[in-house]
Structure formats: structure tokens, C-alpha cells
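# Survey of secondary and tertiary structure
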2 protein chains.
Amino acid sequence: MPDLLLYDFHLSGNCHKIRVFAAILGLPLELKNVQVLDGETRTEDFYQISPMQQIPVLKDGDIIVQDSQAILLYMAMKYGHDWIDRTPEGMAAIHEWLSYGAKEASNGPQMSRLSFLDPHENIDLERAQAVGHKVLAQLDRILSTRDWLCLGKPTIADLAVFPYVALSREGNLPLDDHPNVLAWIDRIRAIPGYYPMEGMLPAL
Amino acid sequence: MPDLLLYDFHLSGNCHKIRVFAAILGLPLELKNVQVLDGETRTEDFYQISPMQQIPVLKDGDIIVQDSQAILLYMAMKYGHDWIDRTPEGMAAIHEWLSYGAKEASNGPQMSRLSFLDPHENIDLERAQAVGHKVLAQLDRILSTRDWLCLGKPTIADLAVFPYVALSREGNLPLDDHPNVLAWIDRIRAIPGYYPMEGMLPAL
């Protein structure tokens, strides 16, 4: 069994996607809590672990991977081959959604939620909500003709995008208006090993 | 020779990274101009090409790839193997920076520039500049101990991050204060096939 350590924060959707993927793959994952709200990611000690100064960070023996999307890709390539497709077009299709998870899902749903969770963050809520509405509408349309974001099967693309979308209500975004998104979240919930995080309950 | 078509906009740094990579690889690239400022990406016709409603989009025969980072990955996997590393840890190292290109480089330098280029965009310039300063300082420190962003060689990681960083001055961000970033941009400029885009000149 690999020796996996996750630098983690329990309220982070980006950490949650790693916790969920490890659970789905049946991989043991030691969690090390990082005091994000107290500025621990900005310390010199943390810089030595993560020059990007962010969580999650995965340590697999001597290998360190930063960024939740990169961690999903690493885990899939090493431990979960069914969750990617190694052809150029397959990797590209997945990668479109890894970028979407890094950018759109972050700038909309994640920032909306963060502005309520941590009022000290100087977030433009109006803009975050505008992006959030657009993201939910776009996903709802795309998911009206497919069950999974790409490749006709569950992949790390779905895991990369779903957490902050599933947490949209905490950012005052209208998830209930988007039935195809809700049905997709239900399909993710039904994957063996999946478990929700705080804030996704009870409605999800 | 492949039959490559890029849905392009000349002022887009995300399009530029694809144009540069094609030039470096010696691949012919037909350009199709998209009227982004007139809302063409939001039309129904464009949705049928790109459900994410964004540029650049690459068409390679029957294959369509959205998102500049996904396009770089696709091109490297298919036409430029030296520009990636296919091991799990190599792909992860590159991917950290693809996410950085999608998020940090976008939210800081790209948004700062866009607020000056297109005042109709409702951008929080103060926040974009704060992120931009942080990004430049972070890159400058990271590049103080290495020539390339990862793997000790030029990869698509560098190409993913550099355009909006190299265009920082157009967003009123102080590139000149960051000598390691400037030296890195010079190394990218020296790659055979590289060419600058408008706005990177004359200082770069």
C-alpha cells in the first residue's frame, strides 16, 4: 500500500475531492490539518513543502504534488487508470474540465461560498455570483445531453468540478434550478466509496 | 502534416500560447478569427463548437479541444513529446503549472490587463492587481532557483504561464521589479520558433 499524506483543511472542497478519490480507490490517506485561516500556508515552513503556498498538497513517499487537479491526475495515473484515458484526445477531454475546475468552478461557486465563510476575504461577491450563475447554467445545459462531463464515464473531470458546485447553496447560488446538475451530483454520490462533506448535507 | 485550425483572437494571450507552440513544433496552423468583443463566443453557432463558450479552440481533423491548457497538452502528447513527461510525477509537475496558468496567471495578470483593454468588463482591478503582485513575487522567488518552471527543461508548463506574465505591463504590474521572471521570459524568447505578440514589444 502506498504511504499517502494529504495536507488538508476540512472545509476545503479542493481537499475534499482528493479525500473522495482516495476513498473511491480504496487508498489509505493520512490527513495532516493545515491551519489555513491562521495563515499557515504563507509561512516559510509551508513554502518548503509547497512553493505555490496552497492546499491540498499530496505527499506520496518522496513525491510531492501541489494543486488539487494535479493531484487527481497523479493519483489516476498511478493508482486509478480507469479514471482517465491516456490517448491525446482523452487526456485533452479530461483536461478541459480540470481547467474548468481550476478556473470557472473556483471563480464562481467557490468564491461565492468563501465570501460567506470568511468575510475577511476581500471578495467581489457580485462578480463571483455572476460567474456562479453562468457556470451552473452552462453545466446544466451540457449535462442535459450526457451523464458525465466527458468520455461517457466517470473520470477525474467529474471529481475536479463537483465539490464547489455541490456546495453552491453555501454561496447562495440556486442549485435547485438546475435539475441536470442535481442528477449528475446524484450519480457522483452513487459511486462506491463516495462520501459527502459538511455543507453538502442534508439536501445532498 | 496535420490539418490544424485554431479559433483565435489576436489579443488573447491564451491563443498566443497555442500559436507559439505550433510555431515551435513547426506545425502549420490555420487561424480563424473569432469576434470575441462582439460576443461571438456566446452565440448558438459557437456553442456547437465549444460548449464552454471560450477561445482558443483547436480543431484537428474531427477532434475538437477547448481550453488553452488542454490544447497545449493535446499538442504535446500528439506532436511534441519532448514538451511533457509521461510519468505520473512528471505529468503532475507539469499539471501544477497548467492549473496555475488557468487560475493564478488568469486572475492576476490577465484580469489586470483586461480591465485596461476592455473597460466594459466589470473587473475588480484592485483585487486583480493584488493577485498579480502576489503571482509575480511568487514566480520570481520560484525562478530564483531554477531556469524552467518544472522538470529542469522547457515544457508546456512554461508556455501555459508565460503570456499574461509577459504582458503584465499592460495591466500596470511591475515586471521590472522581478529579474528572475524577466530572465525566464528571455529564455522562452530564445526558444527556436518563438515569436512575441503585440503588447510584449518593444521592451520584451
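Residues numbered from 1 in each chain as written. Chains lettered and ligands numbered in written order. Predicted model: local features only at pLDDT ≥ 70, side-chain atom pairs only at ≥ 80, totals over all residues. Heavy atoms only, no water.

### Focus: the UniProt feature "domain: GST N-terminal" (unreviewed entry) in chain A
Per the UniProt annotation, the sites labelled "domain: GST N-terminal" (unreviewed entry) are residues 2–83 of chain A. Across residues 2–83 of chain A, helical content stands at 38% and strand content at 21%; the span's end C-alpha atoms are separated by 18 Å. (UniProt positions renumbered as here; feature names shortened; annotations may be inferred. Helix = DSSP H or I, 4+ residues; strand = E, 2+ residues; numbered from the N terminus.)

### Let's talk about helix α8 (residues 179–189) of chain A
Structurally, the α-helix is built with 3.6 residues per turn, so residues lying three or four positions apart point the same way. Residue and element names in this part refer to chain A. Every buried residue of α8 is listed here: V181, W184, I185 and I188. Taken end-on, α8 shows its buried residues confined to a sector of 100°, consistent with a single buried face. Summarising the contacts, the buried residues of α8 are in contact with α6 (125–142) and α7 (156–166). (Buried < 20%, exposed > 50% of the residue type's maximum accessible area, 1.4 Å probe, protein only. Arc of directions from axis to C-beta. Contact = heavy atoms within 4.5 Å.)

### Re the packing of aromatic side chains
Residues and elements named next belong to chain A. Enumeration according to the criterion identifies 8 aromatic pairs over all chains in this entry. Where Y7 meets F46, the ring centres are 6.1 Å apart and the plane angle is 85°; that geometry is what we call edge-to-face. Taken together, the residues span a long stretch of sequence, with Y7 in strand β1 (residues 4–8) and F46 in helix α2 (residues 44–49) at a distance of 39 residues. Accessibility expressed as a relative area gives 3% for F46, which makes it buried. (Phe/Tyr/Trp six-rings, centres within 6.5 Å; stacked < 30°, edge-to-face > 60°.)

### Overview of the environment of B:Y164
Residues and elements named next belong to chain B. Counting through the fold element by element, Y164 comes out in helix α7 (residues 156–166). On a C-alpha basis, the gap between Y164 and R19 in space is 14 Å, while along the polypeptide they are 145 residues apart. Those residues in contact with Y164 that lie beyond four places of it in its chain are S12, G13, N14, A105, P109, Q110 and R113. Within the local environment of Y164, its side chain forms a polar contact with the side chain of Q110, the two groups lying 3.4 Å apart. (Polar contact = N/O pair within 3.5 Å; in protein donor to acceptor, adjacent residues only side chain to side chain.)

### Some thoughts on the domain arrangement of chain A
All names here are of chain A. One can read the domain layout of chain A as domain 1 (4–82) and domain 2 (85–189). Averaged C-alpha coordinates put domain 1 and domain 2 at centres separated by 20 Å. Each partner contributes residues to the interface: domain 1 has 16 residues there, and domain 2 has 16 residues. In total, domain 1 and domain 2 occlude about 1400 Å² of area from one another, counting both sides; carbon and sulfur atoms represent 65% of this. One can count 0 salt bridges joining domain 1 with domain 2. Here domain 1 and domain 2 share 6 residue pairs in polar contact (both at pLDDT 80 or more) between them. (Domains from an automatic or database assignment. Buried area = accessible area lost by both parts, 1.4 Å probe. Salt bridge = Lys/Arg side-chain N within 4 Å of Asp/Glu carboxyl O.)

### Considering the relation of the copies chain B and chain A
Least-squares fitting of chain B to chain A yields an RMSD of 0.0 Å, with the transformation described by 0.0 Å of translation along the axis and a rotation of 180°. Those values place the two copies in the arrangement expected of a two-fold rotation axis. When each C-alpha of chain B is compared by its distance to the rotation axis, B:K103 comes out closest, at 2.6 Å. A shared binding surface is used by both copies, with 100% of the interface residues of chain B retained as interface residues in chain A. (Least-squares fit on C-alpha atoms with pLDDT ≥ 70 in both.)

### Things to note about the environment of A:V57
Residues and elements named next belong to chain A. Here V57 shows up in strand β3 (residues 57–60). Separated by 107 residues in the primary sequence, V57 and Y164 have C-alpha atoms spaced 18 Å apart. Apart from residues lying up to four places away in sequence, V57 is in contact with L5, L6, Y7, F46, I49, S50, I64, V65 and I71.

### Re the side chain of B:S99
Tracing the chain through its elements places B:S99 in helix α4 (residues 88–102). Among residues more than four places away in sequence, those in contact with B:S99 are A:D67, A:Q69, A:A102 and B:E104.

### Concerning the sheet that holds strand β2 (residues 30–33) of chain A
Sheet strands line up and pair through hydrogen bonds in the backbone, either parallel or antiparallel. All names here are of chain A. Read from one edge of the open sheet, 4 strands run β2-β1-β3-β4, paired in mixed fashion. Here the strands that pair on one side only, and so sit at the sheet edges, are β2 and β4 (63–66). Between one strand axis and the next, the sheet turns through 20° on average, direction left out of account. Where β3 meets β4, 4 bridges bridge the pair, whose relative direction is antiparallel. Opposite K59, over in β4, you have I64 as the bridge partner. Its contacts with the sheet place helix α1 (residues 13–25) against β1 and β2, and it is angled at close to 160° to β1. (Pairing = 2+ DSSP bridges. Axes fitted to C-alpha atoms, helices over the stretch in contact; angles between N-to-C directions.)

### Details of the interface of chain B and chain A
A common measure of how large an interface is: the accessible area buried when the components associate. With 46 residues of chain B in contact, the opposing surface of chain A contributes 46 residues. When the shortest N-O distance is used, the salt bridge between A:R141 and B:E44 registers 2.6 Å. Summed over the shared surface of chain B and chain A, the result is 18 residue pairs in polar contact (both at pLDDT 80 or more). Secondary-structure elements contributing two or more residues to the side of chain B that touches chain A are α2 (44–49), β4 (63–66), α3 (68–79), α4, α5 (104–117) and α6 (125–142) of chain B. Broken down by element, the residue count for the side of chain B that touches chain A peaks at 11 residues, all from α4(B). Residues belonging to the side of chain B that touches chain A are distributed by class as follows: 20 nonpolar, 13 polar and 13 charged. (Nonpolar A, V, L, I, M, F, W, Y, C, P; charged D, E, K, R; others polar.)

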